[in-house]
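Close look at the chain arrangement
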Amino acid sequence: MSLIQVINPNTSLAMTEIIGASARAVAAPGTEIIVVPSSQGVPSIEGHFDEVIAAVVVLEHVKRGKEQGVCGHVIACFGDPGLLAARELASGPVIGIAEAAMHTATLVATRFSIVTTLPRTLLIVRHLLQQYGFIHHCAALHSIDLPVLALEDSSGIAQEKVRQCCLQAKNQDGCGAIILGCGGMAMLAPELSQDLGIPVIDGVSAAVKIVEALVSLGLGTSKHGDLAWPITKPLSGMFQHLG
């Protein structure tokens, strides 16, 4: 049995439930999903300040997951906070949902658009596109102009805005696929794919399947080069437990 740790780096329990449902919906028989809620940090991740806090939370969970014997890890925040640092700590694969979604989109379309939450996060997404080498595959970026936690509102306003942005992307961007740029949007992907008639990709489910594939291939994080184990040195204060 494969044990995959799915980390929600924010403290929202509702978001953790959405992420867990998306991960378990696609997990293969024989894969057990451990969804990890965060008891400390920020309720949503919407900027560089939030991401730094979330990165420390991610490292704590990866260290704990290793001790529990998990095969791989998913960072379920579209900013992929702490991704490379987490890979230094981990022996199994560590996949961020933004990177997973972008890779997946290029396998089913030549160009994709991304729909995310606040306008300020569009710049962060653009940085990730450049970092991962997908900037020329991205047709356009869209924002619903609502905070992440609006996706927990039972009114459905945020979900309808996501739908309208996806429809706009399909009709105007010249894209063949759409990426949902927030873990809180995860469960919208199957219905939107069916309604719009094009692939709408949720990074949580994509990341779970990529981790499963890597584990089945016997591939973990390389420990040769810059992702080698962290250099042993004394840690102090609030970071002592990461040593």
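Our structure's up above, just so we're on the same page.
Figured I'd write up the structure that's included with this text. (Residues numbered from 1 in each chain as written. Predicted model: local features only at pLDDT ≥ 70, side-chain atom pairs only at ≥ 80, totals over all residues. Heavy atoms only, no water.)

Right, let's talk about the overall build of the protein chain for a bit. Regarding its fold elements, the protein chain presents eight helices and eight strands. With the principal axes as the frame, the protein chain shows a C-alpha extent of 55 × 35 × 35 Å. Scored against the burial criterion, the 243 residues of the protein chain give a buried share of 51%. Taking the intrachain contacts of the protein chain between residues at least 6 apart in sequence as the baseline, contacts between residues at least 24 apart amount to 70%. Surface exposure of the protein chain reaches about 11100 Å², of which carbon and sulfur atoms provide 57%. (Helix = DSSP H or I, 4+ residues; strand = E, 2+ residues; numbered from the N terminus. Buried < 20%, exposed > 50% of the residue type's maximum accessible area, 1.4 Å probe, protein only. Contact = heavy atoms within 4.5 Å. Areas by Shrake-Rupley, 256 points an atom, 1.4 Å probe, with all protein chains shown as cover.)

Put simply, helix 1 (residues 13-26) and helix 8 (residues 203-216) touch, their axes get as near as 8 Å, and they point 45 degrees apart. When the axis of helix 1 is compared with that of helix 8, the two are oblique. Once helix 1 is placed against helix 8, the crossing between them reads as right-handed. Seen from helix 1, the contacting residues are Ile19, Ser22, Ala23 and Val26; seen from helix 8, they are Val204, Ser205, Val208, Lys209 and Glu212. (Axes fitted to C-alpha atoms, helices over the stretch in contact; angles between N-to-C directions. Parallel < 35°, antiparallel > 145°, perpendicular 65-115°, else oblique. Left-handed = near helix turned anticlockwise from the far one by under 90°.)

Further remarks concern unusual backbone geometry. What you tend to see is this: most non-glycine residues have negative phi, and most peptide bonds are trans. Positive phi is not limited to glycine here, since aspartate 80 has a value of about 50 degrees. In this fold, aspartate 80 is placed in the loop between strand 3 (72-75) and helix 3 (83-89). Among the residues examined, aspartate 80 registers a relative accessible area of 5% and is labelled buried. Despite not being glycine, aspartate 145 has its phi angle at roughly 60 degrees, a positive value. Within the secondary structure layout, aspartate 145 lies in the loop between strand 6 (138-143) and helix 6 (157-172).

Applying the stated criterion across every chain yields a total of one cavity of 30 Å³ or more. Approximately 220 Å³ is the volume found for the largest cavity. Taken together, 22 residues make up the lining of the largest cavity; nearest its centre are Ile45, Cys77, Phe78, Gly79 and Gly181. Looking at the lining of the largest cavity element by element, the count peaks at four residues for helix 5 (residues 120-132). A breakdown of the residues in the lining of the largest cavity according to their chemical character gives ten nonpolar, ten polar and two charged. (1 Å grid on protein atoms, 1.4 Å probe; cavity = no way out; pocket = protein on both sides within 12 Å on 5 of 7 lines; lining within 4 Å. Points joined across faces, edges and corners; volume = space filled by probe spheres on them. Nonpolar A, V, L, I, M, F, W, Y, C, P; charged D, E, K, R; others polar.)

On to the pairing of strand 5 (residues 112-116), then. In terms of residue burial, strand 5 counts as a mostly covered element, since five of its five residues are buried. Of the two faces of strand 5, the one holding Phe112, Ile114 and Thr116 and the one holding Ser113 and Val115 are both buried throughout. Here strand 5 pairs with strand 6 via five bridges, running parallel. Looking at strand 6, one finds that threonine 116 is bridged to serine 143. (Pairing = 2+ DSSP bridges.)

Pairing within the open sheet is parallel, and its four strands lie in the order 6-5-7-8. Two strands lie at the open edges of the sheet, namely strand 6 and strand 8 (200-202), each paired on one side alone. Neighbouring strand axes in the sheet, compared pairwise and without regard to direction, differ in orientation by 25 degrees on average. The strands that helix 6 touches are strand 5, strand 6 and strand 7 (177-180); relative to strand 7, the one it contacts most, it runs at about 150 degrees.

Most of strand 1 (residues 2-7) is tucked away: five of the six residues are buried. Taken together, the six bridges between strand 1 and strand 2 (residues 31-36) define a ladder with parallel strand orientation. Looking at the pairing, valine 6 lines up with valine 35 of strand 2. Crossover strand 1 to strand 2 through helix 1 is right-handed. As judged from the four bridges shared by strand 1 and strand 3, these two strands associate in the parallel manner. Residue pairing in the sheet places glutamine 5 in a bridge with histidine 73 of strand 3. (Right-handed = clockwise from strand over helix to strand, strands pointing away.)

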